[in-house]
Amino acid sequence: FAFSCEGPQGIQGPKGDKGDPGDDVASVKWVTFFVDAYKENWKPYRNSDNNVFYSCSVDVPEIDTFVYEEGTILVYYEVIQSDALGKITKYQQILPYTQLYDNGSGSRWTKTIGYDFGEGYINFNITKSNFDYTNDLPGDMKFRVVLMY
């Protein structure tokens, strides 16, 4: 059998009973701010496979126990580029951020910027897929942190 709901609309029915008031909707607080990771603070580490990555720890006292356990923490990398004419362009990329590279001679790799955090701090991490940091050590970097709790 096939049924269809076609035809003119009928008259409106009676108003229903008032429902439960429900729980209060939780309000979400949020704060944003910038933090800097300076080149002298980037340190090399080795992962469990003995591959090198760089990390920089930044104090973030706003990440207290409640934010750490109940909140959301987002981080954006601020990319600053200049073109051949010297025009500066800024934009932000949410982490993790992976950039692809090609040296024009058949060598390709990626560089990934990520983060982890704990109460009172954020660690920023940089890993290159070829693990070659010759002439490419991390420099000064700016990040925007968003805390929602």
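For the structure itself, consult the block above.
Definitions and limits used
Residues numbered from 1 in each chain as written. Predicted model: local features only at pLDDT ≥ 70, side-chain atom pairs only at ≥ 80, totals over all residues. Heavy atoms only, no water. Phe/Tyr/Trp six-rings, centres within 6.5 Å; stacked < 30°, edge-to-face > 60°. Helix = DSSP H or I, 4+ residues; strand = E, 2+ residues; numbered from the N terminus. Buried < 20%, exposed > 50% of the residue type's maximum accessible area, 1.4 Å probe, protein only. Pairing = 2+ DSSP bridges. Patch = residues over 30% accessible without salt bridge, like charges linked within 9 Å, V, L, I, M, F, W, Y side chains within 5 Å. Areas by Shrake-Rupley, 256 points an atom, 1.4 Å probe, with all protein chains shown as cover. Salt bridge = Lys/Arg side-chain N within 4 Å of Asp/Glu carboxyl O. Lys, Arg positive; Asp, Glu negative; His and termini not counted. Charge placed at Lys NZ, Arg CZ, Asp CG, Glu CD.

### Comments concerning the packing of aromatic side chains
Within the structure shown, the criterion is met by eight aromatic pairs. Seen in terms of ring centroids, Tyr77 and Tyr97 are 5.7 Å apart; in terms of plane orientation they differ by 40 degrees. Their pairing is tilted. Here the residue Tyr77 occupies a position in strand β4 (residues 72–82), and Tyr97 occupies one in strand β6 (residues 97–102), the gap between them amounting to 20 residues. Given the relative accessible area of 16%, Tyr77 is considered buried. Note on Tyr115 and Phe117: the rings are 6.4 Å apart at their centroids and 25 degrees apart in plane angle, and the pair reads as stacked. On the basis of relative accessibility, which here comes to 25%, the residue Tyr115 falls in the partly exposed class. Judged by relative accessible area, Phe117 falls into the partly exposed class, the value being 30%. Put simply, the rings of Tyr77, Tyr97, Phe124 and Phe143 touch in pairs and so form one group of aromatic residues.

### As for the pairing of strand β5 (residues 88–94)
Across seven bridges, the pairing between β4 and β5 is antiparallel. In the sheet register, Glu78 faces β5, and the bridge partner there is Gln92.

### Regarding a negative patch on the surface
On the surface, Asp64, Glu69, Glu70 and Glu119 cluster together into a patch of negative charge. In this fold, Asp64 is placed in the loop between β3 (52–59) and α1 (65–70). Assessed through its relative accessible area of 39%, Asp64 is described here as partly exposed.

### Looking at the pattern of salt bridges
Enumeration according to the criterion identifies four salt bridges in this entry. Ionic pairing is found between Asp36 and Lys142, a salt bridge with its closest N-O pair at 3.2 Å. Taken together, the positions of Asp36 in strand β1 (residues 30–37) and Lys142 in strand β9 (residues 141–148) put the pair 106 residues apart, joining distant regions of the chain. For Asp36, a relative accessible area of 29% translates into the label partly exposed. Look at Lys142 and you get partly exposed, because its relative accessible area is 28%. Between Arg108 and Asp102 there is a salt bridge whose closest N-O contact spans 3.0 Å. Taken together, the shared-partner salt bridges in this structure form one network comprising Lys111, Lys128 and Asp136.

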